Amino acid sequence: MKNKSLIVLATSLVSGLVLAYGATSVALAQSATNIVVGADTTFPPFETETNGEVTGFDIDMIKAIAKAEGMTVSLKTLPFNGIIPSLQAGSIDAAVAGITIKTSRMQNVDFSDAYYKSGLSVLVKKDSDIKGFDDLKGHVVATKKATSSVDYMTAKGFQSDYIKQFQNIDAAYQALETGGADAVIFDNPVNVNFKTAHDDVKIVGPLLTGEYYGIAISKQKPELAAKINDGLAKIKQNGEYQKLFETYFGGDTSGMVKEVQKPASVAISG
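Bear in mind the structure is a predicted one, so any value in this text is a computation, not a measurement.

Student: Explain the overall build of the protein to me, using residue names and the numbers behind them.
Tutor: For the protein, the count of helices and strands is 10 helices and 15 strands. For the protein, the residues scored as buried account for 44% of the 270 residues in total. Taking the intrachain contacts of the protein between residues at least 6 apart in sequence as the baseline, contacts between residues at least 24 apart amount to 72%. On the protein, roughly 13,500 Å² of surface is accessible, and the fraction owed to carbon and sulfur atoms is 53%.

Student: Describe the pattern of salt bridges, and please don't skip the residues or the numbers.
Tutor: Following the criterion strictly, the structure yields 10 salt bridges and no others. Where Lys-144 meets Asp-40, a salt bridge forms, and the shortest distance between an N and an O atom there is 2.1 Å. With Lys-144 in strand β10 (residues 141–144) and Asp-40 in the loop between β1 (33–39) and β2 (42–43), this pair connects stretches of sequence that are 104 residues apart. The two residues Lys-144 and Asp-40 agree in class, both being buried.

Student: How would you summarise helix α5 (residues 148–155) if you had to cite specific residues and measurements?
Tutor: Those residues of α5 that fall on the buried side of the exposure criterion are Ser-148, Ser-149, Val-150, Tyr-152 and Met-153. The elements touched by buried residues of α5 are α4 (103–106), β9 (120–125), β10, β11 (163–166), β12 (183–187) and β14 (211–213).

Student: Please give an account of the packing of helix α2 (residues 57–68) against helix α9 (residues 240–249) that cites residues and values.
Tutor: Contact geometry for α2 and α9: axes closest at 10 Å, N-to-C directions at 160°. Judged by the angle between their axes, α2 and α9 are roughly antiparallel. Handedness of the crossing formed by α2 with α9: right-handed. From α2, Phe-57, Asp-60, Met-61 and Ala-64 reach across to α9, where they touch Glu-240, Tyr-241, Leu-244, Phe-245, Tyr-248 and Phe-249. Looking at the contact of α2 with α9, its residues break down into eight nonpolar, no polar and two charged.

Student: Can you lay out the side chain of Ser-86 for me, pointing to particular residues and giving the numbers?
Tutor: By the secondary structure assignment, Ser-86 is in helix α3 (residues 83–89). Beyond its immediate stretch of four places on either side in the chain, Ser-86 contacts Leu-78, Ser-91 and Ile-92.

Student: Give a detailed account of the sheet that holds β2, specifying residues and quantitative values.
Tutor: Taken in spatial order, the three strands of this open sheet run β2-β3-β4, and their pairing is antiparallel. Two strands bound the open sheet, and with one partner strand each, they are β2 and β4 (53–55). Pairing of strand β3 (residues 47–50) with β4 involves three bridges; the strand directions are antiparallel. Residue pairing for β4: Thr-48 is matched across the bridge by Thr-55.

Student: Help me get a handle on helix α6 (residues 169–178), residues and values and all.
Tutor: Turning to α6, its buried residues number three or more, namely Ile-169, Ala-172, Tyr-173, Ala-175 and Leu-176. For α6, the angular spread of buried residues about the axis comes to 155°, placing them on one side. Sitting at the amino-terminal end of α6 is Asn-168, which places a side-chain oxygen 3.2 Å from the backbone nitrogen of Asp-170. Phi turns positive one or two residues past the end of α6, at Gly-179, with a value near 90°.

Analysis parameters
- Residues numbered from 1 in each chain as written.
- Predicted model: local features only at pLDDT ≥ 70, side-chain atom pairs only at ≥ 80, totals over all residues.
- Heavy atoms only, no water.
- Helix = DSSP H or I, 4+ residues; strand = E, 2+ residues; numbered from the N terminus.
- Buried < 20%, exposed > 50% of the residue type's maximum accessible area, 1.4 Å probe, protein only.
- Contact = heavy atoms within 4.5 Å.
- Areas by Shrake-Rupley, 256 points an atom, 1.4 Å probe, with all protein chains shown as cover.
- Salt bridge = Lys/Arg side-chain N within 4 Å of Asp/Glu carboxyl O.
- Axes fitted to C-alpha atoms, helices over the stretch in contact; angles between N-to-C directions.
- Parallel < 35°, antiparallel > 145°, perpendicular 65-115°, else oblique.
- Left-handed = near helix turned anticlockwise from the far one by under 90°.
- Nonpolar A, V, L, I, M, F, W, Y, C, P; charged D, E, K, R; others polar.
- Pairing = 2+ DSSP bridges.
- Arc of directions from axis to C-beta.
- Polar contact = N/O pair within 3.5 Å; in protein donor to acceptor, adjacent residues only side chain to side chain.

Structure (structure tokens):
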């Protein structure tokens, strides 16, 4: 009888340990959800890649948001025009790439609350006679493929022959430097970043648009959108969001979005 009692007791203990271990494993799995985040690394200072390491404002931001929500991030680099198809196909969960919140994009993906206010600007060589957008008629303008800058020029009546579209913005800047284009129209913070490193170019005229960036999220994951918005609110509250502007913009907070800006309220048409 004693041996039988010992066997029953041992079995109970083993079962309890297995159940406890299982519960712990589930809890750990739930608390460390991994999300696959797409990133186009040709958009400094938001995303860039050096020697295989992906860095930038957006990268640090999404990692901080994920940490605040008990998640981890796996990065997947891809071209900008592949981001929305990848979200629709489910090969990535979310994406950061300085993505302008647009009504057309909202049909295919969800967006987080806005996290950066930007706009398009005109970049030319320092010796150029171009003083703003109105002087660009008849000039070749370079930009990045499938971006809001293309939409803007098309809406303003630019003929396609005068719009040079490149897979990455560095190639557009190279075209400007080598005489293959007379100007670049692109997101102002990226133009500013290029101008800071190159003293032979200048930004002319006022900002052409006011637009907001958001984190793109698969429509199949509404719960992820809620978590990302929650995490964004947390890093605004704890000061991490503000520190990113010091790190990547030298303390320039002109693009900071202090209040909650829902995608539907700030989306631009196109």
